[in-house]
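Take a look at the letters that make up each chain.
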Amino acid sequence: MSSASSTQLSKTGLYDFHVANGAKMVPFAGYSMPLQYGDVGGVAAHNHVRTQAGLFDVGHMVQSFITGPSATAFLEWLTPSALSELKPFHSTLSVLLNDKGGIIDDTVICKHAADKFYVVTNAGRRAEDLAWFEQKIKEWNSSDKSSSGKVSLELLDGWGLVALQGPEAAKVLQAHVKEDLSKLYFGQSGYFDVAGVKCHVARGGYTGEDGFEISIPPEKTVEITEILSKSPVQLTGLGARDSLRLEAGMCLYGHDLNEDITPVEAGLSWVIGKSRRENGTFIGASTVLQQLKDGPSKRRVGFVVADVPAREGAKVFSPAEEEIGVITSGIPSPTLSQNIAMGYVKTGFHKKGTEVLVEVRKKMRKATVRSMPFVPAKYHREA
């Protein structure tokens, strides 16, 4: 995307707001997005989210409703999640799978009712996801699977989406919401009047901190963002977003996930519901269930790398210098002051504490496999 000119890039409803607030805009997933604001560097912005709160524009993400009498069964065909067991206004991370069990995209699915789901997918996969949805909806609606009623997809194009993240996030949002947010737990959502504007508020995010993702009507996006970005909240860009999510052990599609990687290989087996393992009625089930039974040939793991950071594409070797894997994301961790990374290694080298080598700048560097998240999550969970 870095070669694209600004005239080719899409803009979120907050583009002018970002520019007015001194953002350095960069191409990302087909959009012009803020990397950082003013002279606040990535590390300072990262630390502010960990200690206070940051506000991110995630309006480039694709928001949609999938509705219809057979919506639950349809989405249980497209994903391995047990959505029929999900309570209303509860959500789950999930994956759209191809016929080989590879991940087309990762997604957050929020169940509003058995016939209505709010689905958020990645901007960088918009064309592929929407084509897949269109194809599969057509197949579904023309088969007897839709005998209880057809399904449809409604895009929420133009709707704002901001993520308020950090230990002060709840206090900040509570000042603009009448309902008691202490009773809204991680993975839950609802419609709330935020400063008098009806918004969809989901508790969660991409940083490992407590926080909220707030979907805002198009005409009110700037107004609500201005209200929520006042001190102690700091506007935060893509630079800090990437380091925060990697410390939290979260995947970035196109780097840590792709269509040749299954959820079992990616360490996402937990999204596969127990009932789904038994009925196996989702697309790609044969490969996924086989890997659950026999184990995958490779696994996503975390690393701590000595001396210098290992970046995407760096090769991983055994102590005997046999090539065993690859780094998919890597940074110097602002929170831990260590070089951290994630990637894939051959099964057998995936256990916590395993010593490996990573080739960085044509030199072998010592690294240790470790579990993720690197920084413990601080979600607001029900006791």
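Structural data are supplied above this passage.
Just so we're clear, the structure is a prediction, and the values are computed from it rather than from any experiment.

Going from Ser231 to Pro232, the amide bond is cis rather than trans, its omega being 10°. The phi dihedral of Phe89 falls on the positive side, at around 60°, and the residue is not glycine. Mapped onto the fold, Phe89 is located in the loop between helix 3 (71–78) and strand 5 (90–97). For Phe89, a relative accessible area of 27% translates into the label partly exposed. Even without being a glycine, Arg361 presents a positive backbone phi close to 55°. Along the polypeptide, Arg361 turns up in the loop between strand 18 (355–360) and strand 19 (363–370).

A separate point is the packing of aromatic side chains. Taken as a whole and judged by the stated rule, the model has six aromatic pairs. With a centroid separation of 5.9 Å and an interplanar angle of 55°, the aromatic rings of Phe65 and Tyr118 are classed as tilted. Residue Phe65 is found in strand 4 (residues 62–67), and its partner Tyr118 is found in strand 7 (residues 116–121); the two are separated by 53 residues along the sequence. Take Tyr118: its relative accessible area is 6%, and that puts it in the buried class. On the numbers, 6.2 Å between centres and 80° between planes, the contact of Phe89 with Tyr191 is edge-to-face.

What follows deals with the packing of helix 2 (residues 42–51) against helix 7 (residues 238–247). Where helix 2 meets helix 7, the closest approach of the two axes is 8 Å, and the angle between their N-to-C directions is 55°. Here helix 7 runs oblique to helix 2, going by the angle between their axes. The way helix 2 lies across helix 7 gives a crossing that is right-handed. Contact residues: Gly42, Ala45, His46, Val49 and Arg50 in helix 2; Ala240, Ser243, Leu244 and Glu247 in helix 7.

Of the strand pairs in this sheet, strand 15 (residues 315–317) and strand 18 are connected by two bridges, and their pairing is antiparallel. The residue of strand 18 that forms the bridge with Phe317 is Leu357. Strand direction decides the pairing type here: strand 18 and strand 19, joined by six bridges, are antiparallel. Counterpart to Val356 in the pairing with strand 19 is Ala367. Count of turn residues in the strand 18/strand 19 antiparallel hairpin: two residues, of which Arg361 carries a positive phi of about 55°.

Parameters and conventions
- Residues numbered from 1 in each chain as written.
- Predicted model: local features only at pLDDT ≥ 70, side-chain atom pairs only at ≥ 80, totals over all residues.
- Heavy atoms only, no water.
- Helix = DSSP H or I, 4+ residues; strand = E, 2+ residues; numbered from the N terminus.
- Buried < 20%, exposed > 50% of the residue type's maximum accessible area, 1.4 Å probe, protein only.
- Phe/Tyr/Trp six-rings, centres within 6.5 Å; stacked < 30°, edge-to-face > 60°.
- Axes fitted to C-alpha atoms, helices over the stretch in contact; angles between N-to-C directions.
- Parallel < 35°, antiparallel > 145°, perpendicular 65-115°, else oblique.
- Left-handed = near helix turned anticlockwise from the far one by under 90°.
- Contact = heavy atoms within 4.5 Å.
- Pairing = 2+ DSSP bridges.

Any link to function would need more than the numbers given here.
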